[in-house]
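# Results of the structural survey
Below are the chains, spelled out letter by letter.
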Amino acid sequence: MIDTIIRKDLENIKNTVKGDVFTDKKILITGGAGFIGSWICDLMTEFGAQIIVVDDLSTGKIKNIEHLTKQAHVRFVQTDICTFKSDEKFDYIIHLAGHASPDEYQTHPIETLQTSAVGTLVMAELARKNDATLLFSSTSETYGDTEIIPTPETYWGNVNPIGPRSCYDEGKRFAEALLMAYRKQYGLDVRIPRIFNSYGPRLREDGLYGRALSRFIAQALAKQNITVYGDGKQTRSFCYIADTVTGLLLLATNSEAIGEVVNVGNTQEVTILELAQKIKEITKSESPITFYPLPKDDPKRRCPDTTKLEKIVCWKPTIELQEGLQKTIKWFTK
Ligand code: UDP
């Protein structure tokens, strides 16, 4: 059963995205048991697509897609995408598998690089053989510690190639380069959204997998210290999941996105300390905010320039942080 908060958001997304292009299509979704992937699995099944979900459950959760796995048009394959093989004819490959949480990817740097490099090569080859559309989830991390705010797609990035975040940043940068090479050499239909800090229901908050936003919510609700790193003046721009997914699917359905990298994110920039305070306020929590050392190479500011997205799909993320946090906190409380 789909939770009522998620259900309402899914209906809103379906009002914006023309889902009929996916009806009766065969769609491979890597990382489909993950945070963003599970929302896309829900939508694709409701659009009438046949979906094959590939996930090794290293960071995703079966619980996210349990309500789908018994449906006739859904198949779940638990395996590492690097070893995935198939002779089936796919129309679309939505390639989302990856390790996105800094704590987690820094604990598994080799697997993180392999998923981005080898996994993306496997998906590029599958897409080429099938003449499929390949949508690849890239990241704002390709810009590293950016020097330009808001950051446009034309900025090349400021990344430490051997730093603690490089397994993620450089892995995604390699994947982008690889897919653009497939575009150039084979004319592959690739589309590369760069996703900026997405949040909402189903974002993991536990242990290594937690991101700042979900971890703060869990800490506030459990009356634990809210753990802000550094002085909390570093910024991020948080995009509510329904907006993120709408952006991704609009890019998947719009031919102007072919061969393009496009920022997908909300332009409302907040400091991490402001985020902690907002969460404390909405949860009415007594949790103290405590400060810990800032991790090495932590980007100082992050905010997307979404001009290109607006131009290509005539739409931009609009759900304000306050509203998105209220929904997310409600979901976590349940
Ligand atoms: N952060 C924090 N406390 C935490 C986890 C993260 O203050 O418990 C900070 C982190 O240093 C970064 C920001 O919050 O500046 C966002 O971190 P997140 O893990 O969400 O991912 P990132 O945006 O860095 O990829």
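About the cut-offs
For every chain, the first residue of the written sequence is number 1, and numbering continues from 1 onward in sequence order. Residues qualify for local features only when their pLDDT is at least 70, as the model is predicted, and side-chain atom pairs are given and counted only at 80 or more; totals for whole chains, interfaces and linings, by contrast, use all residues. Calculation of side-chain values draws on the structure's entire complement of heavy atoms; hydrogens and water are dropped beforehand. If a single non-hydrogen atom of a residue is within 4 Å of a molecule or strand, that residue counts as near it. The definition of a polar contact used here is a pair of N or O atoms within 3.5 Å, where within protein one atom must be able to donate a hydrogen and the other to accept one, and adjacent residues in sequence count solely through side-chain atom pairs. For accessible areas, the Shrake-Rupley method is used with a probe of radius 1.4 Å. Any residue's cover is judged against the shown protein chains and nothing else. Elements are defined by DSSP. Helices are runs of H or I of four residues or more, strands are runs of E of two residues or more, and each kind is numbered from the N terminus. Side-chain classes are defined by residue name, with Ala, Val, Leu, Ile, Met, Phe, Trp, Tyr, Cys and Pro counting as nonpolar, Asp, Glu, Lys and Arg as charged, and the others, Gly among them, as polar. Here the term buried applies to any residue with accessible area under 20% of the maximum for its type, exposed to any over 50%, and partly exposed to those in between, with areas from a 1.4 Å probe on protein chains only. One fewer than the residue count of a helix, multiplied by 1.5 Å, yields its expected span. Salt-bridge detection follows one rule: a side-chain nitrogen of Lys or Arg within 4 Å of a carboxyl oxygen of Asp or Glu. Pairing of aromatic side chains requires ring centres within 6.5 Å, counting the rings of Phe and Tyr and the six-membered ring of Trp. Pairs whose planes differ by under 30 degrees are stacked, by over 60 edge-to-face, and all others tilted. Only Lys NZ and Arg CZ are tested; either one counts as a charge over a ring when it is within 6 Å of the ring centre and within 35 degrees of the ring normal. Side-chain atoms within 4.5 Å link the members of a nonpolar core, which is a set of buried Ala, Val, Leu, Ile, Met, Phe, Trp, Tyr and Cys residues. By definition in these notes, contact holds between two residues if any of their heavy atoms fall within 4.5 Å. Method remark: on a 1 Å grid restricted to protein atoms, a set of points is classed as a cavity if a 1.4 Å probe fits but cannot get out and as a pocket if it is open with protein on both sides within 12 Å along at least five of seven lines; lining residues have an atom within 4 Å of a point. Grid points are joined across faces, edges and corners, and a volume is the space filled by probe spheres set on the points. Here a crossover is taken to be right-handed if, once the strands point away from the viewer, the path from the first strand over the helix to the second is traced clockwise. Strand pairing is defined by DSSP finding a minimum of two bridges between the two strands.

The subject of this paragraph is the site of the ligand. The full set close to the ligand counts 17 residues, and Thr227, Tyr229, Arg236, Asp298 and Arg302 are the nearest of them. Residue Ala212 places a main-chain N or O atom 3.0 Å away from an oxygen atom belonging to the ligand. Between the ligand and Arg236 there is a distance of 2.7 Å, counted from an oxygen atom to a side-chain nitrogen or oxygen. When the ligand is considered free in solution it has 510 Å² of accessible area, and contact with the protein chains removes 97% of it. If you list the elements that add at least two residues to the shell around the ligand, you get α6 (212–221) and β9 (226–229). Residue composition of the shell around the ligand, by class: seven nonpolar, three polar and seven charged.

Before going further, it helps to spend a moment on unusual backbone geometry. Outside of glycine, negative phi angles account for most residues, and trans bonds account for most peptide bonds. Across the junction of Ile149 and Pro150, the peptide omega takes the value -10°, indicating a cis bond. Relative to the helices and strands, Pro150 is located in the loop between β6 (138–139) and α5 (166–186). Phi is positive for Asp131, which is not a glycine, with a value near 55°. In this fold, Asp131 is placed in the loop between α4 (109–130) and β5 (133–136). Asp131 gets classed as exposed once you look at its relative accessible area, which sits at 72%. Even without glycine at this site, Arg202 takes up a positive phi of about 85°. For Arg202, the position within the fold is in the loop between β8 (198–199) and α6.

Take helix α2 (residues 35–46) next. Under the 1.5 Å per step criterion, the end-to-end length of α2 is 18 Å for 12 residues, consistent within 8% with the ideal 16 Å. For α2, the full list of buried residues reads Phe35, Ile36, Gly37, Ser38, Trp39, Ile40, Cys41, Asp42, Leu43, Met44 and Thr45. A positive phi of about 90° marks Gly48, the residue just after α2.

What follows is about the pattern of salt bridges. What the rule picks out here adds up to 23 salt bridges. Across the salt bridge formed by Lys26 and Glu88, the nearest N and O atoms sit 2.8 Å from each other. Of the two residues, Lys26 is situated in strand β1 (residues 26–30) and Glu88 in the loop between β3 (74–77) and β4 (92–95); the sequence distance between them amounts to 62 residues. A single network of salt bridges, built from pairs that share partners, joins Glu141, Arg165, Arg236, Asp298 and Arg302.

This part takes up the packing of aromatic side chains. Considering all chains together, one arrives at nine aromatic pairs under this definition. Ring plane angle 20° and centroid distance 5.8 Å describe the contact between Phe22 and Phe47, whose orientation is recorded as stacked. Separated by 25 residues along the polypeptide, Phe22 in the loop between α1 (4–16) and β1 and Phe47 in the loop between α2 and β2 (50–54) bring together distant segments of the chain. Here Phe22 and Phe47 have matching classes, each one buried. With a centroid separation of 4.7 Å and 10° between ring planes, the pair formed by Tyr105 and Tyr168 is classed as stacked. Linking Tyr105 in helix α3 (residues 102–107) with Tyr168 in helix α5, this pair joins segments that are 63 residues apart in sequence. Here the two residues Tyr105 and Tyr168 agree in accessibility, since each one is buried. Pairwise contacts between aromatic rings join Phe22, Phe47 and Tyr92 into one cluster. When the ring centre of Tyr186 is taken as reference, the NZ or CZ atom of Arg128 above it lies at 4.5 Å. Arg204 extends its terminal NZ or CZ atom over the ring of Tyr209, reaching a point 3.8 Å from the ring centre.

A separate point is the nonpolar core. One finds Ile40 and Met44 to be the most contacted residues of the largest nonpolar core, which totals 65 residues. The dominant element in this core, judged by the number of residues it contributes, is helix α7 (residues 241–253), at eight residues. Once residues lying within four places of it in the same chain are set aside, the contact partners of Met44 are Phe22, Ile27, Ile29, Ala49, Ile51, Ile94 and Leu249. By size, the runner-up hydrophobic cluster in this structure holds 24 residues, among which are Ala124, Leu134, Val190 and Ile192.

All right, on to the layout of surface pockets then. Of the volumes computed, that of the largest pocket is approximately 780 Å³. Considering the residues around the largest pocket, the lining is formed by 44 residues, among which Thr59, Leu96, Gly98, His99 and Ala100 are closest to the centre. Of all the secondary-structure elements, those providing two or more residues to the lining of the largest pocket are α2, α4, β6 and α5.

By the criterion of burial, β2 is predominantly enclosed, with four of the five residues buried. You can see the chain leave β1, run along α2 and come back into β2, and the turn it takes is right-handed. Of the strand pairs in this sheet, β2 and β3 are connected by four bridges, and their pairing is parallel. Residue pairing across strands places Ile51 opposite Val74, the latter belonging to β3.

So, to be careful, I would describe these as geometric facts and stop short of saying anything about function.
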